[in-house]
Amino acid sequence: MAEPLKNLLHPGVVLDIADHLALHGSAFDRDGFVALAGNGLQSLELMQRSLQIRDALVETLPADFAAAAALLGAILPNGNEPGLTGWALLPVSQFIAVRGLEDFDLSLSLLHCLTPHFTGEFAIRPFIHQDQDRALATIYGWVEDSNHHVRRLASEGTRPRLPWAMRLPKLVRDPRPILPIITALLDDPEDYVRRSVANNLNDIGKDHPELVADFVAENIDGATPQRLRLLRHASRTLLKQGHRAALANFGFRPPSGIKTGLSLATPIVRFGGHLVFGLTLRNENRAKQQVMIDYAVHHRKANGSTSPKVFKWTTATLQPGAAVAFEKRHPMRPITTRRYYGGAHRVVVLINGEPAADADFELSIA
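It should be emphasised that the depicted structure is a prediction, and the values quoted were computed from it without experimental measurement. (Residues numbered from 1 in each chain as written. Predicted model: local features only at pLDDT ≥ 70, side-chain atom pairs only at ≥ 80, totals over all residues. Heavy atoms only, no water.)

Chemist: Got a minute to help me understand unusual backbone geometry in this structure?
Modeler: Negative phi values dominate among residues other than glycine, just as trans dominates among peptide bonds. Non-glycine residue Trp-164 carries a positive phi angle of around 65°. You can see Trp-164 is positioned in the loop between helix H9 (148–156) and helix H10 (169–173). Using a relative accessible area of 83% as the deciding quantity, one classes Trp-164 as exposed. Positioned with a positive phi, Asn-352 is a non-glycine residue whose angle comes to about 50°. On the secondary structure map, Asn-352 appears in the loop between strand E7 (343–351) and strand E8 (354–364). (Helix = DSSP H or I, 4+ residues; strand = E, 2+ residues; numbered from the N terminus. Buried < 20%, exposed > 50% of the residue type's maximum accessible area, 1.4 Å probe, protein only.)

Chemist: What should I look at first to understand a nonpolar patch on the surface in this one?
Modeler: On the surface, a nonpolar cluster with roughly 270 Å² of combined accessible area is contributed by Leu-5, Leu-8 and Trp-87. In this fold, Leu-8 is placed in the segment before helix H1 (11–24). (Patch = residues over 30% accessible without salt bridge, like charges linked within 9 Å, V, L, I, M, F, W, Y side chains within 5 Å. Areas by Shrake-Rupley, 256 points an atom, 1.4 Å probe, with all protein chains shown as cover. Salt bridge = Lys/Arg side-chain N within 4 Å of Asp/Glu carboxyl O.)

Chemist: Got a minute to help me understand the sheet that holds strand E1 (residues 258–264) in this structure?
Modeler: The strands making up a sheet are joined through hydrogen bonds of the backbone, oriented either antiparallel or parallel. Strand order in the open sheet made by the 3 strands is E1-E3-E6, with antiparallel pairing throughout. Strand pairing shows two members of the sheet lacking a second neighbour, E1 and strand E6 (323–331), which therefore form its edges. Pairwise comparison of adjacent strand axes, ignoring direction, gives a mean angle of 20° for this sheet. (Pairing = 2+ DSSP bridges. Axes fitted to C-alpha atoms, helices over the stretch in contact; angles between N-to-C directions.)

Chemist: Got a minute to help me understand the layout of surface pockets in this structure?
Modeler: In this approach a probe as big as a water molecule rolls over the atoms, and the regions it shows empty are the leftover space. Taken as a whole, the largest pocket encloses approximately 490 Å³ of empty space. Lining the largest pocket are 18 residues, and of these Met-47, Leu-90, Gln-94, Phe-122 and Trp-164 lie nearest its centre. Counting residues per element, the ones that place at least two in the lining of the largest pocket are helix H3 (46–60) and helix H5 (89–99). In terms of residue class, the lining of the largest pocket is made up of 15 nonpolar, 2 polar and 1 charged. (1 Å grid on protein atoms, 1.4 Å probe; cavity = no way out; pocket = protein on both sides within 12 Å on 5 of 7 lines; lining within 4 Å. Points joined across faces, edges and corners; volume = space filled by probe spheres on them. Nonpolar A, V, L, I, M, F, W, Y, C, P; charged D, E, K, R; others polar.)

Here it is as structure tokens:
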């Protein structure tokens, strides 16, 4: 069994933080910090542990933020000099987010120094929320930083809907101010950074689908394979939704003259088994067609209605008159994000985002 995430912050981490701070700050109350940070730590979950350690830092670091920032900067690795890294820096970054809002430039500079050793994507968001223009001006200056963690922070920290982080409502409403940052990082040499850019665009597309579809259209011509993968990943939600402009960006036009056949090998599916179905496509058009094949499983809910969940399948090029066949095995097994109910279900095949064939099946829970 995997180690619980909460154990990433344990009493040994508290002692490590304390030792580093005491080494560089002779007046630092090491014992007081350890007592506050470690009190009942083992009974807390991950974020509760981090916030308790952060609060202990608030109580024991200098009240003057500049002095506290100097001490925190000193405990970071510097060249060949070792320092604090990893999850121990999560409560440090949270301290900066709480205590540093009145010292904007110093705080952003400290997060810039911290993020190569542990991400500052959560801590930077209160600064964007407080003064978006000022924060983004500084962050834009990071897009050519020599450190790829800093460049990633420029994208990841500005995601309007970053999971597990505070939302940025102003950027949710109007994400255009972060487009220069995204554009500057489209061809970053690190896949680690490009994945963040794709996720940022995917976030934006949930609220502004046309904006993202237009952005992709403007940046896809002559794209390198790396940029093309980024733009495709950035469009994944729109492609699942069958957004026509997003589909057209990748050559998937509304299907025309495609004859579809769908057959169920398992009209009754026992829970824990697989829904198995076959699909045949014949292109009766005179032109070849690019097709993206997805499928939606309409799961039964407690009230008897159904709710669809779209799954990616495959893509194909259909030559005129050509026929292709596919088979899919879809697991109907317990997952943490869904409760299953027995009874009538439906599977719908989508061709370039449009329903093309469907079939009903029964899910047997017993």
